[in-house]
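# Observations on the three-dimensional arrangement
For reference, the chains in residue letters:
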Amino acid sequence: MRYAACGMRLLLVTPPMTQLNTPYPATAYLTGFLRLHAADLGLTVTQADASLALFLRLFSAPLIERMAHILRARARGAARGSSAPESIAHFLSAAERYVDTIEPAIRFLQRRDPSLALRIVGRAFLPEGPRFAHLGMRAGGEPGALDEQLTAAFGTLGTTEQARYLASLYVDDLADVWREGIDPRFELARYGERLAASAPSFEPLHEALEDEPTLVDETLDALTLELLAQHRPDVVGVSAPFPGNVYGAFRIARAIRSEEPSVRLVLGGGWVNTELRALREPRVFDYFDYVTLDDGERPLLNLLGVLGGRRSPLVRTYVRKNGEVALETDATQQDVPNRATGVPTYDGLPLERYVSIMEMLNPMHRLWSDGRWNKITLAHGCYWKKCTFCDVSLDYIGRYDRASTDLVMRRIRALIDETGETGFHLVDEAAPPAAMRALAKRLIDDKLSITWWGNIRFEKTFTAELCGLLAEAGCVAVSGGLEVASDRLLDLMKKGVTVGQVARVTRAFTDAGIMVHAYLMYGFPTETAQDTIDALERVRQLFAAGCIQSAYWHRFAATAHSPIGLHPTRYGITLRPPPSITFAHNDVAFDDPVGTDHDFLGAGLRKALYNYMHGVGLDADVRTWFEPRAVGRRAPRQRRRRGARATVPRTTVPPDLIERYLA
Ligand code: SF4
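Residues numbered from 1 in each chain as written. Predicted model: local features only at pLDDT ≥ 70, side-chain atom pairs only at ≥ 80, totals over all residues. Heavy atoms only, no water.

Before going further, it helps to examine the overall build of the chain. When you go through the chain residue by residue, the secondary structure sums to 25 helices and 17 strands. Taking 2.2 N^0.38 as the reference for a compact globule, 663 residues should give roughly 26 Å; the C-alpha atoms of the chain span a radius of gyration of 26 Å, in line with that estimate. C-alpha atoms of the chain, sized along the principal axes, occupy 75 × 60 × 60 Å. Within the span of the chain, comprising 663 residues, buried residues form 58% of the whole. Put simply, of all contacts in the chain between residues at least 6 apart along the chain, 78% involve residues at least 24 apart. Put simply, the chain shows about 27,400 Å² of open surface, and 51% of that area lies on carbon and sulfur atoms. (Helix = DSSP H or I, 4+ residues; strand = E, 2+ residues; numbered from the N terminus. Rg over C-alpha atoms; globule rule 2.2 N^0.38 Å. Buried < 20%, exposed > 50% of the residue type's maximum accessible area, 1.4 Å probe, protein only. Contact = heavy atoms within 4.5 Å. Areas by Shrake-Rupley, 256 points an atom, 1.4 Å probe, with all protein chains shown as cover.)

Okay, here's the thing in structure tokens:
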């Protein structure tokens, strides 16, 4: 097939579900880059966000009405005495009000109808389901489980913020109904995630795609056909950044295949780059013609050249040949350097329709889901690239390529011109401090006023002076890895920081007026229950000392491309024999002879953090957050059945440890 004579139309799509508040940047970057080559290739490039489109369609009056119709019919046919989940029962009791209020509520969350705040905070406008229980004082009179401190924190918000929080709970209630009543794969930020995350076989995903469609599936199929009619593409590139986009990506490809079999389909994105490096499943190519690995610029440029009739070699591109998967690549072809990737563009995306959700009252934590942020990077990859749990062997971490400050400023100015927005999220793996300093100086010198935040390493370069400079230049928040909050384990993971250093750096940020979020990790190889409890105590002290304002505890996973996954015995663990892998490969199962019960500890860690982020329980003993039962090595089954007594260890960390570090 040759397109050069008549021109080739390429449509780049973000599949559902990703964040709702701002576009995921992959298609914006690729669109900006490919438009540099559009004239040469005879190419027209457009982009679409099917994730936002699906959300807006599902959360519209006609679809809420259809959902109510299905659930009512199901309730009528249900066996006598059986009861629906609370979310569905409440929805059906107030379905008409949901239909009447959904579109005003979404417009409000899109910031297109601010005056509605006054009605929402009156608590009589939106129906209030189970997600409101913690606030109590339901409009219907029934008090929920009142959490006094949370309610007090809620009371300190302004009217607009209170209304956004309430409208977000309302959306969460409806999302629960979609998931529990219509499609168990649907969540606001992911769709069918389990079918793709480290899925060794394609079969479950294939079965789901061939199964009877749910109303969510039908809606996505219909949206896909609308995109086809609107853009009339010759080639569709689908970028799946996470496992929670993969089912949507394949569903979109399936709908396009059946409607317009001549359209060429390409799959790429972060999930492909990490999980499809050992792809052997030929059925993937029933849906896609090409699957590209790592940065999309070079593979797409060459592929579009080939589709246009040129003799360019394919680069890191899987195809199906003679019924088998083959990786076509040409090692002489270089990746496109940062300086030549152009300026990202959101052209074609409906920026005024993104929806800001405020699920947490914590002002730092909600940055991820609240507000429209232009996304830029200061560098490709990570300048540190040593952490033993990280995918340092892969291109997206391992190939460091810093953009010049001139280029970053050009991108910032172009994005402000295009979007009218001056909020920027630096989506670097870890923004280099030297680049941040240079950017801050230039922003100040050029008197360009923007608001920005981003991901960093808590390294000692961030002195009080640098933090002050960053704040003066508009930096409002940073996030970084404190990980296991234990010097022994930080050393084992080659993080290059200590808890004392993190305390001093985070305090310098906070003193400069910059909010701090810490990524935490538990379940690291050789981590004992005592390690975890002591880590929680250090985290408690960091919150109490005002060093950090927000945090999230991730469960450690050994990944195939990290130093731990590649050399497990160096870290004291043994990998379990892998299953036969023909499809996705990322997390690898392992045994740690230490045998700590991380499942049990994780629940307490999450509870503690949730409270700390609301300023609650900061002076309580950290053992408070754990259910009374035995920890340490996994309790033998017989002992567990008898109900072992509470033995969460007392912390060995001095109560003034962080204060001493700060002194
Ligand atoms: S965890 Fe962060 S700092 Fe460490 S190598 Fe990976 S990206 Fe770099």
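Structurally, Asp49 is set in strand E2 (residues 43-49). Buried Asp49, no salt bridge; nearest opposite-charge side chain is Arg372, N-O distance 9.3 Å. Sequence-distant contacts of Asp49, defined by excluding residues within four places in its chain, comprise Thr14, Pro23, Leu349 and Tyr354. (Lys, Arg positive; Asp, Glu negative; His and termini not counted. Salt bridge = Lys/Arg side-chain N within 4 Å of Asp/Glu carboxyl O.)

The next thing to look at is the nonpolar core. In a soluble, globular protein the nonpolar side chains are often hidden away together inside. Formed by 193 residues in total, the largest nonpolar core has its most connected members in Phe59, Trp178 and Trp452. Apart from residues no more than four positions distant in its own chain, Trp452 is found in contact with Phe424, Leu426, Met436, Leu439, Leu443, Leu470, Ala473, Gly474, Cys475, Val476 and Ala477. (Core = buried A, V, L, I, M, F, W, Y, C linked by side-chain atoms within 4.5 Å.)

Next up on the list: the site of the ligand. Taken together, Cys382, Trp384, Lys385, Lys386, Cys387, Phe389, Cys390, Val392, Ile397, Glu429, Arg457 and Lys495 make up all the residues around the ligand. Taken together, the residues that form the shell around the ligand break down as seven nonpolar, no polar and five charged. (Near = heavy atom within 4 Å. Nonpolar A, V, L, I, M, F, W, Y, C, P; charged D, E, K, R; others polar.)

A separate point is the layout of surface pockets. Roughly 530 Å³ of internal volume is contained in the second largest pocket. Forming the walls of the second largest pocket are 27 residues, and the residues nearest its centre are Leu52, Ala53, Leu56, Pro350 and Arg353. Elements represented by at least two residues in the lining of the second largest pocket include exactly E2, helix H3 (50-58), helix H6 (95-109) and helix H11 (215-231). For the lining of the second largest pocket, the residue count by class is 11 nonpolar, seven polar and nine charged. (1 Å grid on protein atoms, 1.4 Å probe; cavity = no way out; pocket = protein on both sides within 12 Å on 5 of 7 lines; lining within 4 Å. Points joined across faces, edges and corners; volume = space filled by probe spheres on them.)

A few words now on the packing of aromatic side chains. This model, assessed by the stated rule, comprises 22 aromatic pairs. Their ring planes at 70 degrees and their centres at 6.0 Å tell us that Phe202 and Tyr287 sit as a pair that is edge-to-face. Of the two residues, Phe202 is situated in the loop between helix H9 (159-182) and helix H10 (203-210) and Tyr287 in the loop between helix H13 (270-275) and strand E5 (290-292); the sequence distance between them amounts to 85 residues. For Tyr287, a relative accessible area of 4% gives the class buried. Ring centres 5.1 Å apart and planes at 90 degrees place the aromatic pair Trp368 and Trp453 in the edge-to-face group. Within this pair, whereas Trp368 is found in the loop between strand E7 (324-328) and strand E8 (374-376), its partner Trp453 is found in strand E12 (residues 451-456), the two being separated by 85 residues in sequence. (Phe/Tyr/Trp six-rings, centres within 6.5 Å; stacked < 30°, edge-to-face > 60°.)

Turning to the packing of helix H4 (residues 61-77) against H6, a few remarks are in order. Relative orientation of the contacting elements H4 and H6 amounts to 165 degrees, with a least axis distance of 8 Å. One way to sum up the angle between H4 and H6 is to call them roughly antiparallel. Note on packing geometry: the crossing formed by H4 with H6 is right-handed. Seen from H4, the contacting residues are Ala61, Pro62, Ile64, Glu65, Ala68 and Arg72; seen from H6, they are Ala95, Tyr98, Val99, Ile102 and Glu103. (Axes fitted to C-alpha atoms, helices over the stretch in contact; angles between N-to-C directions. Parallel < 35°, antiparallel > 145°, perpendicular 65-115°, else oblique. Left-handed = near helix turned anticlockwise from the far one by under 90°.)

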